[in-house]
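# Close look at the chain arrangement
Each chain is listed here by its residues.
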Amino acid sequence: MDDSVFHRLYEQYHQDIFNFLIYLTGDRNQSEDLMHEVYIRVLRAYSGFEGKSSEKTWLFSIAKNVAIDHFRKKSVRQKHHFDKFDWEQSELVSGGSTPDELLSLNEDMRQLLSVLNTCTGDQKMVIVLRYFQELSIAETAETLGWTEGKVKTTQHRAIKALQKKMNALSEEGGS
């Protein structure tokens, strides 16, 4: 891989990839470590990049896989035995606060990010990619290796779940 190509990819996409990892992990330091792994994989795999997808979706796919590997390893360490990590059922619950901007967010946005952590891993990834990273349905499908239909269905279910949980919080606060 040519140094100029690597620098271009880094400069063009590092902030988006970093924010994506922060939303998934909720930990800035962990996200920095994962970013290193993302770009190590980029260096190793770029020669095999065929251009069938955009560089952006290719990078998000790598970041997604790095995050999945991180959560699998974390899960294994916590359980002391390997069970297949079920992304459809498991939750990606962040221990810390989300990105630094959380401090300046209004209460509704803080609640939304908190509730997002109760969604399944698939739902969280779709919402983050679609609404925080502003990827299209096609780009999200390509990033996740899914069909567009699966992205739409997961997005619909995630929005319904978020609405239900946000309404419950509003009712609790209003009572």
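Residues numbered from 1 in each chain as written. Predicted model: local features only at pLDDT ≥ 70, side-chain atom pairs only at ≥ 80, totals over all residues. Heavy atoms only, no water.

## As for the overall build of the protein chain
Note the cut-off: Helix and strand labels come from DSSP, where a helix needs a run of H or I of at least four residues and a strand needs a run of E of at least two; each type is numbered from the N terminus. A 1.4 Å probe rolled over the protein chains alone gives each residue an accessible area, and that area as a share of the maximum for its type sets the label: buried under 20%, exposed over 50%, partly exposed in between. Two residues form a contact once any of their heavy atoms are found within 4.5 Å. We get accessible surface area from the Shrake-Rupley algorithm with a probe of 1.4 Å; when it comes to residues, only the shown protein chains can shield them.
When you go through the protein chain residue by residue, the secondary structure sums to seven helices and zero strands. Going residue by residue from the N terminus, the α and β elements of the protein chain occur as α-α-α-α-α-α-α. For the protein chain, with 175 residues in total, the buried portion stands at 44%. Considering only contacts within the protein chain whose residues lie at least 6 apart along the sequence, 66% involve residues at least 24 apart. Accessible area for the protein chain stands at about 9900 Å²; split by element, carbon and sulfur atoms hold 48% of it.

## A word on helix H6 (residues 137-144)
Applicable threshold: Picture the helix axis, draw a direction to every C-beta atom, and the arc is the one those directions span.
By the burial criterion, the buried members of H6 are Ile 137, Thr 140, Ala 141, Thr 143 and Leu 144. Axial view of H6: buried residues confined to an arc of 165°, hence all on one face. A positive phi of about 75° marks Gly 145, the residue just after H6.

## Comments concerning the confidence of the model for the protein chain
Threshold: A residue's pLDDT is the confidence the predictor assigns to it, expressed on a 0 to 100 scale.
Per-chain confidence: the protein chain averages 83 in pLDDT, with 80% of residues scoring 70 or above. When pLDDT is averaged over each helix and strand of the protein chain, the minimum, 80, is found for helix H4 (residues 107-116) and the maximum, 94, for helix H2 (residues 28-45).

## A few points about the packing of aromatic side chains
Where we set the bar: A pair of aromatic rings is counted whenever rings of Phe, Tyr or Trp (Trp by its six-membered ring) have centres within 6.5 Å, and the orientation is called stacked for planes under 30 degrees apart, edge-to-face for over 60 and tilted otherwise.
For the structure shown, the criterion picks out seven aromatic pairs. Between Phe 20 and Phe 60, the ring centres sit 5.4 Å apart and the planes meet at 85°, which makes this aromatic pair edge-to-face. Pair noted here: Phe 20 is in helix H1 (residues 3-25) and Phe 60 is in helix H3 (residues 55-79), with a separation of 40 residues, a long-range link. For Phe 20, a relative accessible area of 0% corresponds to the buried category. Here the aromatic cluster, defined as three or more aromatic residues joined through ring pairs, consists of Phe 6, Tyr 10 and Tyr 39.

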